[in-house]
Each structure stands twice: as C-alpha cells, then as structure tokens.
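Residue-level listing of the chains:
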Amino acid sequence: MDRSDSASRWRKLAQVFTRPVLSAVAREGSVRPMHARMRAAGMTVTKGSPIAPLLDECLFNLQRNYRCEYVYKAAVGDRIVFGRHSPRTASLQVELPVGRSIVDLAVFNGTSTAYEIKTEFDSDKRLVSQTPDYLKAFDQVFVVTHADMAERCLSMLDTRVGILVLNDRGRLTTVRSAVSADGRIDSATLFRMLRRAEYQAAVGRLLGPQPDLPNGQVHAHYSRLWATLSPEEAHRAFVAAMRDRTTQPHSVDFLTALPASLRVLGYATPLSAVQRQRILNVLH
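Note on numbering: residues in each chain are counted from 1, in written sequence order. Reporting of local features is limited, given that this is a predicted model, to residues whose pLDDT is at least 70; pairs of side-chain atoms are given and counted only at 80 or more, and all residues count toward the totals for whole chains, interfaces and linings. The basis for every side-chain value is the complete set of non-hydrogen atoms in the structure, without hydrogens or water.

*Asks:* Explain the overall build of the protein chain here, please?
*Replies:* Segments assigned H or I by DSSP are reported as helices when at least four residues long, segments assigned E as strands when at least two residues long, and all are numbered from the N terminus. The helix and strand inventory of the protein chain stands at 14 helices and 6 strands. Throughout, radius of gyration means the C-alpha value; the globule benchmark is 2.2 Å times the number of residues raised to the power 0.38. Computed over the C-alpha atoms, the radius of gyration of the protein chain is 20 Å, within 12% of the 19 Å expected from 2.2 N^0.38 for a compact globule of 284 residues. If one aligns the C-alpha atoms of the protein chain with their principal axes, the spans along those axes are about 60 × 50 × 30 Å. Burial classes: relative accessible area under 20% of the type maximum marks a residue as buried, over 50% as exposed, and values in between as partly exposed (1.4 Å probe, protein chains only). Residues counted as buried form 51% of the 284 residues belonging to the protein chain. Residues are treated as being in contact if the distance between any of their heavy atoms lies within 4.5 Å. Pairs at least 24 apart in sequence give 61% of the contacts found in the protein chain among residues at least 6 apart. Note on areas: Shrake-Rupley with a 1.4 Å probe; residue coverage comes only from the protein chains shown. Split by element, the accessible area of the protein chain, about 13400 Å² in all, is 49% carbon and sulfur. In this count, Lys and Arg are taken as positive residues and Asp and Glu as negative ones, while His and the chain termini are left out. In this description, the location of a charge corresponds to atom NZ of lysine, CZ of arginine, CG of aspartate or CD of glutamate. Charged side chains in the protein chain number 38 positive and 27 negative. The centres of these two groups are separated by 5 Å.

And the structure:
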C-alpha cells in the first residue's frame, strides 16, 4: 500500500483495530474478521499467514498515511505503559467517563494521568469543556495532538494542561509539561468514576467496616462517607482502585502476549477468560 491510496481505503484499514472486530475474533476463534477488513482495504492476505506481523504492518501503514485516533492511542500505550512504566504496575483505561466528558486514555501508576487525543481529523472545540473535567479528577492532564494544533492548544487551554505532539516517526514530544494537582482534585468526581465494589472497599479500608444496607441506600451511605475523606486520601484510593482493574496477573499475561499493535484494543475490549484464550490461540 502506498501514500496515493485513498482515504477511504485507510479508513477501512483502521476498522481492523475496533472493538467489534476483536470481539468477533474472540467469538469465532478465527482471524477471519481481521482478514476481511484488511482485504477490503486492499491488502494482500494469504490464508494461514501469521496475523501478528500483518497487524503490525497495518498500524505502520496507518501511522504513515492515516493518523487516526487509534494510532495516537497505540503510541501512548506503547511509549507510556509498556515503555516508561510496566503493565504490571500501571493500569491503562480507554474511554473513561469523567464528569460530563470521556477521556480517551488514562494511566494509573503511583498517580493518575489523563491523555485527551486530538488528531488531524478532529476539531479542538470541545477541549475547553473537556479539560476542566479532567483537571478535577487527574493529577496530570495532557492533550496529545499534531504539530499544527499544538500552538493553538498552548494559547487556548489552562496552563496546567500539558501538550504532547505525535511526530512523523511515531514518537511523543513534550511541548508543555503538565502541572501536578495542588488542591484542585474534586472528591465527588472521583467517587462517581468508581464502581460500587471499589468505593465500598476503599471506604471500608480507610474508615472501617460498614453495615449491610439495602441496595437503595448503599450509594448515598458511601457517598456521605467518601465526602469526609481529604482530596489527597480520595485520590490515593481512586488510583489504587483503577490500578487494580488491569494489573492483575491474568490481565497482564493476556495484554503482554498480544502484538504491540493490538494492546490498546486489548485494554479497550471487555473479554472473558475464555475469549482471551481464543484470541491468543488464533494470534499465535
């Protein structure tokens, strides 16, 4: 495939890295759904060919010719979680609801970092409403974008928001560093991001065992107790809960066994243990 190929073909190729396709592979125990998207995009696919090199080739072609959102997500996952940190100690969340917004990526290690992506195909209009939500929940907030949008982001966004640029070689360059939280974390925002079992465990650990309550009273009870925590305590409990979501050995083993090009999609797609094993069987 070369640069003269139409955007339509690149869009079709980008569909390889979508949740419905990976879910279909998990259901069928076959890479047929991936091969179908590759062929639709004009790739030559030989039956029986190893799929991992083909997936890496797909992502490489997208990085060179059609820098869609997945290209940016894969770069953050590879450089931050699997490069700077480790999937055993750092959790990656994909499309995480935060207030009235949904952050593209969030990394939790010893602290919390949000990454909002704006590609060459995106508008920057919503950034002014998205980033204030993220500043209430995360220690550090970054916008990951391209060189042409970086200058505008510097002038329009809160100076506490960092700016990263994805360059032509797939590397992330810091244009402006993010400023760590200093009293701006909103505990109520964190509480709304946690699952019921997570906030129950956190409150029990920090404030002691709680009584058994009817289902209709649980949320209000734990919300009141959570409000008594300091923002620092709430943030530490929030980070610990988010880290636990993907740093368990069974999750780490699955994610590290995936081709590098598929790891972010592995984080993003809900899969059972049986489905994960089916995927690994057909990939290897």
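*Asks:* Honestly, helix α10 (residues 215-226) in this entry has me stumped. Any pointers?
*Replies:* Working note: α-helix, 3.6 residues per turn, so residues spaced by three or four point in the same direction. Working rule for helices: expected span equals 1.5 Å times residues minus one. Spanning 12 residues, α10 covers 17 Å between terminal C-alpha atoms, matching the ideal 16 Å at 1.5 Å per step. Regarding α10, the residues found buried are Val218, His221, Tyr222 and Trp226. End-on view of α10: buried residues confined to an arc of 130 degrees, all on one side of the axis. Exposed and oriented more than 90 degrees from the buried face of α10 are Gly216 and Arg224. Turning to α10, the residues buried within the fold contact α8 (187-193), α9 (196-207) and α11 (231-246). The arc in question is the one traced by the directions running from the helix axis out to the C-beta atoms.

*Asks:* Explain helix α4 (residues 51-65) to me, please; I cannot follow it from the model alone.
*Replies:* In a regular helix each residue adds 1.5 Å, so 15 residues correspond to 21 Å; α4 covers 21 Å between its end C-alpha atoms and thus fits that length. Every buried residue of α4 is accounted for by Ile51, Ala52, Leu54, Leu55, Cys58, Leu59, Asn61, Leu62, Gln63 and Asn65. Considering only its buried residues, α4 is in contact with α1 (7-14), α3 (32-40), α5 (69-84) and α14 (273-283).

*Asks:* So what exactly am I meant to see when it comes to empty space enclosed by the protein here?
*Replies:* In this approach a probe as big as a water molecule rolls over the atoms, and the regions it shows empty are the leftover space. Cavities and pockets are defined on a 1 Å grid built over the protein atoms alone: a cavity is a set of grid points where a 1.4 Å probe fits but cannot escape, while a pocket is an open set with protein on both sides within 12 Å along at least five of seven lines, and lining residues are those with an atom within 4 Å of any such point. Grid points are joined across faces, edges and corners, and a volume is the space filled by probe spheres set on the points. Counting across every chain of the model gives 1 cavity of 30 Å³ or more. Along the walls of the largest cavity sit Ala74, Gly77, Asp78, Phe82, Ala260, Arg263 and Val264, which together make up its complete lining. Elements with a minimum of two residues in the lining of the largest cavity: α5 and α13 (263-268). The element best represented in the lining of the largest cavity is α5, accounting for 4 residues.

*Asks:* Mind showing me how you'd approach the layout of surface pockets here?
*Replies:* Volume-wise, the largest pocket comes out at about 430 Å³. Lining the largest pocket are 20 residues, and of these Gln93, Arg195, Thr246, Tyr267 and Ala268 sit closest to its centre. Where the lining of the largest pocket is concerned, the elements lending two or more residues are β1 (91-98), α11, α12 (249-257) and α13. By residue number, the principal contributor to the lining of the largest pocket is β1, which donates 6 residues. Each residue receives one of three labels: charged for Asp, Glu, Lys and Arg, nonpolar for Ala, Val, Leu, Ile, Met, Phe, Trp, Tyr, Cys and Pro, and polar for the others, Gly being one of them. Considering only residue class, the lining of the largest pocket consists of 10 nonpolar, 5 polar and 5 charged. Of the volumes computed, that of the second largest pocket is approximately 290 Å³. If you go around the second largest pocket, you meet 14 residues; those closest to its centre are Leu59, Gln63, Ala74, Ala75 and Asp78. The set of elements that each furnish at least two residues to the lining of the second largest pocket consists of α4 and α5. The biggest single contributor to the lining of the second largest pocket is α5, with 5 residues. Here the lining of the second largest pocket is composed, by residue class, of 7 nonpolar, 3 polar and 4 charged.

*Asks:* When you look at the pattern of salt bridges in this model, what are you seeing that I'm missing?
*Replies:* Two side chains carrying opposite charge are able to pair once their charged atoms lie near each other. The rule for a salt bridge is simple: a side-chain nitrogen of Lys or Arg has to be within 4 Å of a carboxyl oxygen of Asp or Glu. Overall, the coordinates contain 10 salt bridges when judged by the stated rule. Arginine 100 is the partner of aspartate 133 in a salt bridge, and the nearest nitrogen-oxygen pair spans 3.6 Å. Taken together, the residues aspartate 133 in helix α6 (residues 127-135) and arginine 100 in the loop between β1 and β2 (101-108) connect sequence positions 33 residues apart. Here arginine 100 falls in the exposed class, since its relative accessible area comes to 70%. Across the pair lysine 118 and glutamate 116 runs a salt bridge whose closest N-O atoms are separated by 3.8 Å. By relative accessible area, which is 3% here, glutamate 116 ends up buried. Taken together, the salt bridges that share partners define one network made up of Arg19, Glu69, Lys73 and Glu95.

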